[in-house]
Amino acid sequence: MRLDKFICKSTELTRSEAKKLLKMGDVRVNGEIIKNAAAQVHENNSVTVNGESLTARSSRYIMMHKPVDTICSNVDEVYPSLLHYIEIDKAFDLHIAGRLDADTTGLVLITDDGRWSHNIISPKKHCAKVYRVNLRNEITTEKSAELIERFKCGLQLQGESQLTLPAVLEILTEKQVLLTITEGKYHQVKRMFAAVGNKVVGLHRQQIGDINLDVELGEWRYLSDDEVNSFL
Ligand code: URA
């Protein structure tokens, strides 16, 4: 982890206050003065500020049920960041592991552990995400087997050179499906249904890996150790 981040994590200081201390030569790592805010430190390094030893606060892991008209970003844009819902100390030091569109609801995982979130968002990890999708056009019984096969074989999305990875489509009703995908391209679900001539009119993420959404809209909770460990 970056040294300035380590200092913020283990004190009440902001990133700019931590940088000031570093510039002044007040920070030592394993006894040596370090002024570079980007220097990497590990939890077993000894970090002191003005001779006082720092211990990094342990990482935080959260699930949240995202409402519509919020964004998965640390800064407010047209809509507010969903981090406003997490009323804990330094909530804006957290980041979101796998974004949802402003009009999508459902499971969002939030943390300050970059290595953990990497296991969720890296395309190489093939982490499964399950979406409940409401569609504009009906999927008729005659067409359903063919559609399931098309999602399984991979779809050609507009602007992409490669087919999508195999996805599992489960038809719940004529206009509602469950879709499991293991990648996270921009607007992927909406583009997949556009590729088969349909349109997503409602999108909700209910599962990431083994973690199932179980809090009410707009609410959040810390993950259990088992849930955290499922991505390690
Ligand atoms: N795919 C989309 O199109 N939108 C989302 O929010 C998530 C996946």
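Residues numbered from 1 in each chain as written. Predicted model: local features only at pLDDT ≥ 70, side-chain atom pairs only at ≥ 80, totals over all residues. Heavy atoms only, no water.

Engineer: Could you give an account of the domain arrangement of the chain, naming the residues involved and the relevant values?
Structural biologist: Looking at the chain, the domain boundaries give domain 1 (3-53), domain 2 (61-123 + 213-229) and domain 3 (128-208). On a C-alpha basis, the centroid separation for the pair domain 2 and domain 3 is 23 Å. Across the boundary between the two partners, domain 2 contributes 14 residues, which contact ten residues of domain 3. The junction of domain 2 with domain 3 conceals about 930 Å² of combined surface from both sides, 44% of it contributed by carbon and sulfur atoms. Viewed at the interface, domain 3 and domain 2 are joined by two salt bridges. Here K190 makes a salt bridge to D103, at a shortest N to O gap of 2.8 Å. Here domain 2 and domain 3 share nine residue pairs in polar contact (both at pLDDT 80 or more) between them. Here the element with the most residues in the side of domain 2 that touches domain 3 is strand β7 (residues 105-111); it accounts for five residues. Looking at side-chain class alone, the side of domain 2 that touches domain 3 contains six nonpolar, five polar and three charged residues. (Domains from an automatic or database assignment. Contact = heavy atoms within 4.5 Å. Buried area = accessible area lost by both parts, 1.4 Å probe. Salt bridge = Lys/Arg side-chain N within 4 Å of Asp/Glu carboxyl O. Polar contact = N/O pair within 3.5 Å; in protein donor to acceptor, adjacent residues only side chain to side chain. Helix = DSSP H or I, 4+ residues; strand = E, 2+ residues; numbered from the N terminus. Nonpolar A, V, L, I, M, F, W, Y, C, P; charged D, E, K, R; others polar.)

Engineer: Account for the pairing of strand β10 (residues 176-181), with residues named and values stated.
Structural biologist: In the sheet, strand β8 (residues 129-135) pairs with β10 via six bridges, with the strands oriented antiparallel. Its bridge partner being in β10, R132 is matched across the sheet by L178. Sheet topology note: the strand β9 (residues 168-173)/β10 ladder contains five bridges and is antiparallel. In the sheet register, T173 faces β10, and the bridge partner there is Q176. Hairpin remark: β9 followed by β10, antiparallel, with two residues in the connecting loop. (Pairing = 2+ DSSP bridges.)

Engineer: If you had to explain the environment of M192 to someone new, which residues and values would you point to?
Structural biologist: Position of M192 among the secondary structure elements: in helix α5 (residues 188-195). Distance in space between the C-alpha atoms of M192 and G154 is 9.3 Å, their sequence separation being 38 residues. Look past the residues within four positions of M192 in its chain and what remains in contact with it is F151, L155, L157, T164, A167, L179 and I181.

Engineer: How would you summarise the nonpolar core if you had to cite specific residues and measurements?
Structural biologist: Within soluble globular proteins, side chains that are nonpolar tend to cluster in buried spots. Formed by 31 residues in total, the largest nonpolar core has its most connected members in I110, V133, F151, L179, V189 and F193. Elements represented by at least two residues in this core include exactly β5 (61-66), β7, β8, α4 (141-153), β10, α5 and β11 (200-208). Taken together, domain 2 (61-123 + 213-229) and domain 3 (128-208) each give at least three residues to this core, which thus spans both. (Core = buried A, V, L, I, M, F, W, Y, C linked by side-chain atoms within 4.5 Å. Buried < 20%, exposed > 50% of the residue type's maximum accessible area, 1.4 Å probe, protein only.)

Engineer: I'd like a description of the site of the ligand, backed by residues and values.
Structural biologist: What surrounds the ligand is the set L100, D101, T104, Y131, H187, Q188, V189, K190 and L203. Within the backbone of H187, an N or O atom sits 3.2 Å from an oxygen atom of the ligand. Within the contact set of the ligand, a nitrogen atom lies 3.1 Å away from a backbone nitrogen or oxygen of V189. Protein chains bury 95% of the 240 Å² of accessible surface belonging to the ligand in isolation. At three residues, α5 tops the list of elements feeding residues into the shell around the ligand. Its residues placed into classes, the shell around the ligand shows four nonpolar, three polar and two charged. Shared between two domains, the shell around the ligand takes at least three residues from each, and those domains are domain 2 (61-123 + 213-229) and domain 3 (128-208). (Near = heavy atom within 4 Å. Areas by Shrake-Rupley, 256 points an atom, 1.4 Å probe, with all protein chains shown as cover.)

Engineer: Give me the sheet that holds strand β3 (residues 47-49): which residues, what numbers.
Structural biologist: Spatially, β2-β1-β3-β4 is the arrangement adopted by the four strands of the open sheet, whose pairing is antiparallel. At either end of the open sheet lies a strand with only one pairing partner, and these are β2 (32-33) and β4 (52-53). Two strands pair when backbone bridges link them, and β3 and β4 are joined in this way by two bridges, in the antiparallel orientation. Considered in β4, the bridge of V49 is made with E52.

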